[in-house]
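Given next are the chains, with one letter for each unit.
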Amino acid sequence: MIDLYSAATPNGWKVSIALEELEIPYRLIGVDLAANEQKQAGYLEINPNGRIPTIVDRDNGDFAVFESGAILLYLAEKKGGLLPEDPKRRSQVIQWLMFQMGGIGPMQGQTHVFKHYFPERIPSVLARYQNETKRLYAVLDQQLKGRDFLVDDYSIADIANFTWVRSYAWAGIDIEGFPDVQRWLLNIGQRPAVQKGLQQPASAGVEKSTSAAKTMTTV
């Protein structure tokens, strides 16, 4: 059983989608980011960076994994899916995973901040992050020409990039010029496991991290 500590964010959805796709049993524990539950002592014992998501593998000695990309790799290797065995193709999937982790995530994340949350409106800064995010979308669009997925078969690279790119409108970005990205978003969004994963965490029936923190194991 996997304990998933998460919230309704692109990084959180990466892991819930992967768990659904891989059919790994998990218990969802919602983390209230607005209440700073991710900064509480019990949570910091399993994720010293104080962010979501985090998993604890109860079947592997209560082993904790933080950072969404690392979690995707762990789950794919644990179940033997969503990651090719061939070394070259495996490397390609990891490259596109890192493309999201080092590119789209940070750039689009800053777009969200400066568009919706920053106390001042700074058009030049917002434009800088939107333009860089759009440039990265163009890279994805080029890679997807003639392909259903980023690297041959559906993989953790597709999941990682999908959860961020699907919120293009929230970032104020137009994707009309990226037909292959549009096609890819539509196809992945129709997958039942993706649809279910995007509903996690839900508001009802989710354990709170504050109560669960008492049982967390220091790792």
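Structure: above.
As the structure is a prediction and not an experimental result, all values here were calculated from the model.

Trainee: What is the right way to look at the overall build of the protein in this model?
Mentor: Within the protein, the regular secondary structure consists of 9 helices and 5 strands. When the helices and strands of the protein are placed in sequence order, the string is β-α-β-α-β-β-α-α-α-α-α-α-β-α. Computed over its C-alpha atoms, the radius of gyration of the protein comes to 17 Å, within 12% of the 17 Å expected for a compact globule of 219 residues. When its C-alpha atoms are laid out on the principal axes, the protein stretches across 50 × 50 × 30 Å. A buried classification covers 52% of the 219 residues belonging to the protein.

Trainee: Would you take a moment to explain the nonpolar core for this structure?
Mentor: Residues Ile 55, Leu 75, Ile 156 and Trp 184 are the most contacted members of the largest nonpolar core, which totals 55 residues. In contact with Ile 55, other than residues within four places in its own chain, are Ile 2, Asp 3, Leu 4, Val 15, Phe 63, Ala 64, Val 65, Ile 71, Tyr 74 and Leu 75. Among the nonpolar cores identified, the runner-up in size contains 9 residues, and Ala 7, Ile 29, Val 31 and Tyr 43 belong to it.

Trainee: Is there a simple way to explain the packing of aromatic side chains in this structure?
Mentor: The relative placement of two aromatic rings is captured by the distance of their centres and the angle of their planes. Counted under the stated rule, the structure contains 8 aromatic pairs. Residues Tyr 5 and Tyr 43 carry aromatic rings whose centres are separated by 6.0 Å and whose planes lie at 70° to one another, so their mutual orientation is edge-to-face. One end of the pair, Tyr 5, is in strand β1 (residues 2-6); the other, Tyr 43, is in helix α2 (residues 41-44), and 38 residues separate them in sequence. Residue Tyr 5 shares its accessibility class with Tyr 43, and that shared class is buried. With 5.8 Å between their ring centres and 10° between their planes, Phe 114 and Tyr 129 make a pair best called stacked. On the criterion of sequence distance, the pair formed by Phe 114 in helix α4 (residues 87-117) and Tyr 129 in helix α5 (residues 123-144) is long-range, its members being 15 residues apart. One aromatic cluster is present, formed by Phe 114, Phe 118 and Tyr 129 through successive ring pairs. Sitting above the plane of the Tyr 129 ring, Arg 128 keeps its charged end 5.2 Å from the centroid.

Trainee: For this particular structure, what's the right way to read a nonpolar patch on the surface?
Mentor: There is a patch of nonpolar side chains on the surface, built from Val 113, Tyr 117, Phe 118 and Trp 170 and spanning about 400 Å² of accessible area. With respect to the helices and strands, the residue Tyr 117 is situated in helix α4. For Tyr 117, a relative accessible area of 57% translates into the label exposed.

Trainee: Can you walk me through unusual backbone geometry in this structure?
Mentor: With the exception of glycine, the majority of residues adopt a negative phi angle, and the majority of peptide bonds are in the trans configuration. A cis amide bond links Ile 52 to the next residue, Pro 53, at an omega of 0°. Position of Pro 53 relative to the elements: it lies in the loop between α2 and β3 (54-57). At the junction of Gln 200 and Pro 201, the peptide bond is cis and its omega measures out at 0° in the coordinates. Its place among the elements puts Pro 201 in the loop between α8 (192-197) and β5 (207-208).

Criteria and cut-off values
- Residues numbered from 1 in each chain as written.
- Predicted model: local features only at pLDDT ≥ 70, side-chain atom pairs only at ≥ 80, totals over all residues.
- Heavy atoms only, no water.
- Helix = DSSP H or I, 4+ residues; strand = E, 2+ residues; numbered from the N terminus.
- Rg over C-alpha atoms; globule rule 2.2 N^0.38 Å.
- Buried < 20%, exposed > 50% of the residue type's maximum accessible area, 1.4 Å probe, protein only.
- Core = buried A, V, L, I, M, F, W, Y, C linked by side-chain atoms within 4.5 Å.
- Contact = heavy atoms within 4.5 Å.
- Phe/Tyr/Trp six-rings, centres within 6.5 Å; stacked < 30°, edge-to-face > 60°.
- Lys NZ or Arg CZ within 6 Å of the ring centre and 35° of its normal.
- Patch = residues over 30% accessible without salt bridge, like charges linked within 9 Å, V, L, I, M, F, W, Y side chains within 5 Å.
- Areas by Shrake-Rupley, 256 points an atom, 1.4 Å probe, with all protein chains shown as cover.
- Salt bridge = Lys/Arg side-chain N within 4 Å of Asp/Glu carboxyl O.

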